[in-house]
Protein chains: 4
Amino acid sequence: MPARRALLHRVPMRHPGDTAAIEALFDAGALDPRQVVAVLGKTEGNGCVNDFTRAYAVQALSLMLGRRLGEAPEAVAARVAMVMSGGTEGGLSPHFLVLAVGEDAAPDPAGALAIGIGFTPDFAPEELGRTPQVQATATAVRAAMAGAGIADPAQVHYVQVKCPLLTSERIAAAKARGRTVATEDTYHSMGLSRGASAIGVALALGEVADVPEAAIGADWSLFSGVASTSAGVELLRNEVIVLGNSPDWAGDLCIAHAVMRDAIDLPAVHAALRGAGLRTEDGQLPPDRQDRLVAVLAKAEPSSTGLIRGRRHIMWDDSDINATRHARALVGGVIAGAVGRTDIFVSGGAEHQGPDGGGPVAVVARRG
Amino acid sequence: MPARRALLHRVPMRHPGDTAAIEALFDAGALDPRQVVAVLGKTEGNGCVNDFTRAYAVQALSLMLGRRLGEAPEAVAARVAMVMSGGTEGGLSPHFLVLAVGEDAAPDPAGALAIGIGFTPDFAPEELGRTPQVQATATAVRAAMAGAGIADPAQVHYVQVKCPLLTSERIAAAKARGRTVATEDTYHSMGLSRGASAIGVALALGEVADVPEAAIGADWSLFSGVASTSAGVELLRNEVIVLGNSPDWAGDLCIAHAVMRDAIDLPAVHAALRGAGLRTEDGQLPPDRQDRLVAVLAKAEPSSTGLIRGRRHIMWDDSDINATRHARALVGGVIAGAVGRTDIFVSGGAEHQGPDGGGPVAVVARRG
Amino acid sequence: MPARRALLHRVPMRHPGDTAAIEALFDAGALDPRQVVAVLGKTEGNGCVNDFTRAYAVQALSLMLGRRLGEAPEAVAARVAMVMSGGTEGGLSPHFLVLAVGEDAAPDPAGALAIGIGFTPDFAPEELGRTPQVQATATAVRAAMAGAGIADPAQVHYVQVKCPLLTSERIAAAKARGRTVATEDTYHSMGLSRGASAIGVALALGEVADVPEAAIGADWSLFSGVASTSAGVELLRNEVIVLGNSPDWAGDLCIAHAVMRDAIDLPAVHAALRGAGLRTEDGQLPPDRQDRLVAVLAKAEPSSTGLIRGRRHIMWDDSDINATRHARALVGGVIAGAVGRTDIFVSGGAEHQGPDGGGPVAVVARRG
Amino acid sequence: MPARRALLHRVPMRHPGDTAAIEALFDAGALDPRQVVAVLGKTEGNGCVNDFTRAYAVQALSLMLGRRLGEAPEAVAARVAMVMSGGTEGGLSPHFLVLAVGEDAAPDPAGALAIGIGFTPDFAPEELGRTPQVQATATAVRAAMAGAGIADPAQVHYVQVKCPLLTSERIAAAKARGRTVATEDTYHSMGLSRGASAIGVALALGEVADVPEAAIGADWSLFSGVASTSAGVELLRNEVIVLGNSPDWAGDLCIAHAVMRDAIDLPAVHAALRGAGLRTEDGQLPPDRQDRLVAVLAKAEPSSTGLIRGRRHIMWDDSDINATRHARALVGGVIAGAVGRTDIFVSGGAEHQGPDGGGPVAVVARRG
């Protein structure tokens, strides 16, 4: 019985518009452009409001894939999930993670990396950052799991969600219909949308029970240990990518995760590596096991207390460098120390994604 | 036979002018202001040209110590070595390291942390960044070792050097006497002075043999594995602080070091911890051994190749955040992962201090 | 009948701790340290949360004045108002404005620059950013005017106010007494305190009638055209410096002001210059009238609309450079174009100080 | 006799990928996409090494024009000169300037704005920043003038040059052929290429006589008062756009310029406005003449002396904000004060384009 096989390629980019390394995969026959279902990218912008490297990379990817597939760039962008995370502070190395689905003769009895995709319906502005977004996200996650053949929530190790935000126009539209919105601050709406989406993931996976709406963006004790959510202006619905292990899938890839309880929780990184079958020496993955490490995905956030294990950090007080940039540099350093490489997908904006100041870390590995 | 005892207190600062935690040590009787020989500080500036947190902290320390000792602030500043390193990027926590020398009944047969101080004569401008600075620094290091009773270069684990730089006035003075200087770029002179000082340390310790003048600031294969040098406009000579282990000293402190071969060399950090008798679990010093870790001192620099283990870093290309800031954040993250705390003295400007992109890391610990 | 004479010296600083140019005034006999009543400084920090150049400059000034006067630095700081404004973006040149009061044989019949000082009582935390702070500030302004012999509000052209802010401790203290505070966000409290102080000035001068408390930090149509307020953690009361013209004072200095309706309101700068008797040529004060321009003081803020005369500015969206830094650079450029020099006191944080996106501009000049 | 008519449209952009306002011109029939010969853009990046807003805007423009014209994006980019200048510091407003050539019944006897285009042959790497680049640029400028029917160099008021830079590959290729290059520092090569191009413009216009190669990037007394040059990695030749007034052209547009002798030379801005028939009131172009101001183009650079009219600026010492960003904010403020609007094309990197610290300013206006 043929089975799906998840493919994950990690390739460098020389600048945000550089898709040459992906094209090289196509040219070498290592990947068929039709197999691509998602591209995650770590681009070298500031990861904040005026980070245009994300949109630039999406435009470049859409153009390139469109040319390869004979499709309009817009059609590609509508079909292939492209999630760019800006910010390669410290030693982080700009790279793309190309997710694709191929086919194999038979499923692997031990299970293998599985990819599920899900979508919510379009949201009305008044639903963002509120219970309807939580519920719809949970439904989409369950659908993505079902589609990927993952029955056990414990086998879900990473859920990427791309979610909408409020704009002045959307707020005005809601008001014109006599509705209120969760916030009239458009920047704040990004955090609420990310937070509601993360809680939706947690709900689908049983990490939380029913959550009162007032807890969104407020009660940080509620979180998902596998969610990674990002808000973008270009969509109206949530797009969900579930990564887990499934006995229905083929291939030698697997995924594991752990939750960093704070930004310097190296033991959690070790736990995630161990979960994926990778052992360290002297704290670090040794050179001869490097080729088995396929991808690392993590979330970073400055602790809201201004402290890490009781000692002051200056992230919130630095008016020259945004706090999230400090956090990515730090978590990138901690993880790079463990894995011995720097092309790590560390993204910011971790509302309800891991505990305050910490966050999920997932590892995709090739079996030994 | 009475013996000297090295004291090292690590205390937080709430801002660069905050010396309250040091005063609390005095008030509690934990430290006598007369015992203080040096203060190292990690302040929350940008660590670059316009980082005034360093001068502010020195002014505040001088004022406070002067008040405590009944001395003029200037007199204190001339006598007590105060080395401020700006930049607490990522999770680094602003703190002071107060070095003091007390007395004990007898030396520890196993040896203990020893502090030696040395000075070069004032340099003529034309000597900076050149062989005379190298030679004089080596002589001062040897004198500091002798003063501290450290005969074996292998027992020297950290050498802090504060060195002068060229100013327009100093360059003009040299020219008026018909002399040339190593560079007429005053900013560049800082790197050359740091580099010549580091090579001087390496020479004293036998890490390098005679070094041709042209290698200063050019041949990065020549370096000291224990030097940490910083340039300041306020002095004309080199001031040297040697930290090592000596059988003549008392107390339960000891020091060890290792050389990080690149910015993510976590195994080197582990080696330094092991050298100081500290073992990690899951890559990190566990909570019950935290009180034995007294200080961590390291150097950070972006690799000149633009790569870390073959993967591109963006430190040199980021026009918003200075490259040295990225490097400190990264190395701070790697070390914080290993030691489980963030009050780590990571400083930049690592010419000839460790290999290109790497640097020394020293650990002061309390014996188990 | 002897009369007071206002002295205003503008001197450069080479760095925030450099008070040499003020000392040179003392040494040259141009100024007696005992005459100094206030020092305003434009320092080269970022003008935001982690700008330590302000405290550094105050410490250096206190030390220097203490040494000159034989007083403790703390005593000087308590007596002489020292208001440092961080941020010399664009072409702004770091400088001090030293305000002093001397004596002359007789008042100038035409009136002359007058300096008045006033203080409120210490505020309880619950009074900050609220009506009590407004009322007390108004009272202090009236007292300062009376002290300076300025009866006509129209002759007040610049009112500098230094005001307190809320800290976590102060908020807790208020709560312990069963009181609420205006905001529990300490950063926000700075804006509310500045805003309430500015409205207090407006109230004293009749620029507004009674203001409902809810308008503070909310209704930007209410503002003073002469207030410049700044919040600092080191005080509990408002300190007020009133600059105006009074027939009781002697000397050849006078002051005028205008209100910039937006950041590029060059005609308003021209109006202020004209008011002080200075005429431009080709838009700029010509070289032969430069010596008559003694000081320029202005406020800068990004317009909250994101627009300047209908065109988008990017100040609020730039996550690399704080919005207030852009605003100071811009307003500094507009004014420097008019006055032909760059040592202009442009400060940020202009709540209720001029209209949204605009601000007061005052000119102190020597009569022709 | 039919005559060419120069069209210049200034339109806002909401982000660097937003070409909607240009499309609106097409849709309204105000402009035919086939008429477009060049697009200049002021994008909201940092204008420095990692400013990807420029490439993003070019990609978006190429895509849009390609779609409108039924051409491949690459073909559009090869034909239409697209010069993006990053950096909208202070109050500068992101915008495009679309240059097009239409036709009219007869030339205007008084002369009108004329647009000339010229190209050099591709340069060998060893020619960049050296005399061959100077000479070839001069030839291309003369050709562009001839093509535009401008015989009198005094009628050339703005020359935009896009020029190549050295890359590691290009340097290696030159070396392989036994040639040296002007510099092996690729960043420095941008300045040399801009400088040689500017001197080429000056040579063509008789602003300088023959220039020794050693003066390029060294003798700042040699400059063009109308050149604006920018270096890009994507081309190997110089592309030249000449704007002047010609009796052969039709239409109501005209151009004038002046040279700012330093960054705050407002009188020079006034002179340029006057040259274009625009008079100010109270230093500023009044509202009722705003519609006659079509475009303002200027160059900004920090003075190399660290001084503006004898007063210190901090642009070179600020390690948080690049010096060129300060300079654009400042010059943008000075010019915005004069013209009463903020969509001004102020670009940095002004080697040999105006005097040290100053630069050309050109005004395109509609006749009254």
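Throughout, a residue's number is its position along its own chain's written sequence, starting from 1. Chains and ligands are labelled by the order in which they are written, letters from A for the one and numbers from 1 for the other. Per-residue local features are limited, in this predicted model, to residues with pLDDT of at least 70; the limit for side-chain atom pairs, both in listing and counting, is 80 or more; totals at the level of whole chains, interfaces and linings are taken over all residues. Each side-chain value is worked out from all heavy atoms of the structure, with water and hydrogens disregarded.

As named in an unreviewed UniProt entry, chain A is Cyanuric acid amidohydrolase, taken from Paracraurococcus lichenis. UniProt lists a comment for chain A under the heading Pathway (unreviewed entry), and it reads "Xenobiotic degradation; atrazine degradation; biuret from cyanurate: step 1/1." UniProt positions are given in the numbering used here, feature names are shortened, and annotations may be inferred rather than shown by experiment. The heading Catalytic activity (unreviewed entry) in the UniProt record of chain A holds the text "cyanurate + H2O = 1-carboxybiuret + H(+)".

A. A look at the interface of chain A and chain D. We call two residues in contact whenever any of their non-hydrogen atoms come within 4.5 Å of each other. Contacts between chain A and chain D engage 13 residues on the former and 13 residues on the latter. Put simply, buried area is how much 1.4 Å-probe accessible surface two parts lose in total, over both of them, once they are put together. On the chain A side of the interface with chain D, the three residues burying the most area are Phe52, Tyr56 and Gln59 of chain A, jointly 51% of the side's total. We define a polar contact as two N or O atoms separated by no more than 3.5 Å, with the added condition that, inside protein, one atom must be a possible hydrogen donor and the other a possible acceptor, whereas residues neighbouring each other in sequence contribute only through side-chain atom pairs. On inspection of chain A and its partner chain D, the count reaches zero residue pairs in polar contact (both at pLDDT 80 or more). Numbering of helices and strands runs from the N terminus, with a helix taken as a DSSP run of H or I at least four residues long and a strand as a DSSP run of E at least two residues long. Ranked by residues supplied to the side of chain A that touches chain D, first place goes to helix α2 (residues 53-69) of chain A with seven residues. A class-by-class count of the residues in the side of chain A that touches chain D yields six nonpolar, three polar and four charged. Only Asp, Glu, Lys and Arg are considered charged, only Ala, Val, Leu, Ile, Met, Phe, Trp, Tyr, Cys and Pro nonpolar, and every remaining residue, Gly among them, polar.

B. The arrangement of the interface of chain B and chain A in detail. In this assembly, 43 residues from chain B lie in contact with 43 residues from chain A. Carbon and sulfur atoms make up 51% of the surface buried where chain B meets chain A, a total of about 3300 Å² over both sides. Of all residues in chain B, the largest losses of buried area upon contact with chain A belong to Asp282, Arg311 and Arg312 of chain B, amounting jointly to 20% of the total for that side. Criterion for a salt bridge: a side-chain nitrogen of Lys or Arg within 4 Å of a carboxyl oxygen of Asp or Glu. Remark: the boundary between chain B and chain A carries eight salt bridges. Here aspartate 343 of chain A and arginine 311 of chain B are joined by a salt bridge, their closest N and O atoms 3.1 Å apart. Counting the contacts that link chain B with chain A gives 20 residue pairs in polar contact (both at pLDDT 80 or more). Contributions of two or more residues to the side of chain B that touches chain A are made by α7 (266-275), β12 (311-312) and α8 (323-339) of chain B.

C. Representation of the UniProt feature "binding site: Mg(2+)" (unreviewed entry) in chain A. Residue and element names in this part refer to chain A. Annotation from UniProt places "binding site: Mg(2+)" (unreviewed entry) at Glu301, Ala350, Gln353, Gly354, Pro355 and Gly358. The greatest C-alpha distance among the residues just named is 9.6 Å, despite their covering 58 residues of sequence, which places them together in space. Relative to the assigned elements, glutamate 301 resides in the loop between β10 (293-299) and β11 (307-308). When residues no more than four places from it in sequence are discounted, the contact partners of glutamate 301 are Thr324, Ala327, Gly348, Gly349, Ala350 and Gly357. Side-chain polar atoms of glutamate 301 contact the backbone nitrogen of glycine 349, separated by 3.2 Å. Tracing the backbone through its elements, the reader meets alanine 350 in the loop between β13 (345-347) and β14 (359-366). With sequence-adjacent residues up to four places away left out, alanine 350 is seen in contact with Lys299, Ala300 and Glu301.

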